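# Structural description and commentary
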Amino acid sequence: MFLYKIDYISNLFLRANVGVSYFFILSGFIMIIAYHKKDKIDYLEFYKNRFARIYPLYILGLLLYFMTRSQMLDWYKLMLYSLGIQSWIPGRP
């Protein structure tokens, strides 16, 4: 692919794991700041808020991925990915 031939972009992809680790550390830090003064955390409200923040973008990315594929749409994969359970099925990519 054309983008991988550019050294700068190729190096970014080779070191992407550092960005993922940084994201998790930053996310944990933000959660500590947001919840450190609360005596009790309502878990149902927490998960509802997380779902509302993450799932719409996840579905948008998933739809964009399946729309840009030249192959026929695989409804089984679409269902697994939309429910977020694709990694629960062994041997399925």
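Refer to the preceding data block for the structure.
Owing to the predicted nature of the structure, the values given are computational and were not obtained by experimental measurement.

A word on the overall build of the chain. Scanning the chain from N- to C-terminus turns up four helices and zero strands. A compact globule built from 93 residues should have a C-alpha radius of gyration of about 12 Å, whereas the chain, at 18 Å, is more than 25% larger. Within the chain, the fraction of its 93 residues that count as buried is 10%. Accessible area for the chain stands at about 8700 Å²; split by element, carbon and sulfur atoms hold 69% of it.

The next thing to look at is the pattern of salt bridges. Here the idea is simple: oppositely charged side chains can pair when their charged atoms come close. This model, assessed by the stated rule, comprises one salt bridge. In this structure, E45 engages K48 in a salt bridge whose closest nitrogen and oxygen atoms are separated by 3.5 Å. Remark: K48 and E45 occur in helix α3 (residues 43–68); sequence separation between them is three residues, near one turn of the helix. A relative accessible area of 34% means that E45 is categorised as partly exposed.

A few words on the packing of aromatic side chains. Considering all chains together, one arrives at five aromatic pairs under this definition. Residues Y35 and F46 carry aromatic rings whose centres are separated by 5.6 Å and whose planes lie at 70° to one another, so their mutual orientation is edge-to-face. Of the two residues, Y35 is situated in helix α2 (residues 16–35) and F46 in helix α3; the sequence distance between them amounts to eleven residues. With relative accessibility at 21%, the residue Y35 sits in the partly exposed group. Members of the aromatic cluster, joined through ring pairs, are Y35, F46 and Y47.

On to the packing of α3 against helix α4 (residues 75–83). At their nearest, the axes of α3 and α4 sit 10 Å apart, and the two run at 160° to each other. Classified by the angle their axes make, α3 and α4 are roughly antiparallel. You can see that α3 and α4 cross each other, and the crossing is right-handed. For the pair α3 and α4, the contacting residues are Y55, Y58, I59, L62 and F66 in the first and K77, L78, Y81, S82 and L83 in the second. A breakdown of the residues in the contact of α3 with α4 according to their chemical character gives eight nonpolar, one polar and one charged.

Rules of the game
Residues numbered from 1 in each chain as written. Predicted model: local features only at pLDDT ≥ 70, side-chain atom pairs only at ≥ 80, totals over all residues. Heavy atoms only, no water. Helix = DSSP H or I, 4+ residues; strand = E, 2+ residues; numbered from the N terminus. Rg over C-alpha atoms; globule rule 2.2 N^0.38 Å. Buried < 20%, exposed > 50% of the residue type's maximum accessible area, 1.4 Å probe, protein only. Areas by Shrake-Rupley, 256 points an atom, 1.4 Å probe, with all protein chains shown as cover. Salt bridge = Lys/Arg side-chain N within 4 Å of Asp/Glu carboxyl O. Phe/Tyr/Trp six-rings, centres within 6.5 Å; stacked < 30°, edge-to-face > 60°. Axes fitted to C-alpha atoms, helices over the stretch in contact; angles between N-to-C directions. Parallel < 35°, antiparallel > 145°, perpendicular 65-115°, else oblique. Left-handed = near helix turned anticlockwise from the far one by under 90°. Contact = heavy atoms within 4.5 Å. Nonpolar A, V, L, I, M, F, W, Y, C, P; charged D, E, K, R; others polar.

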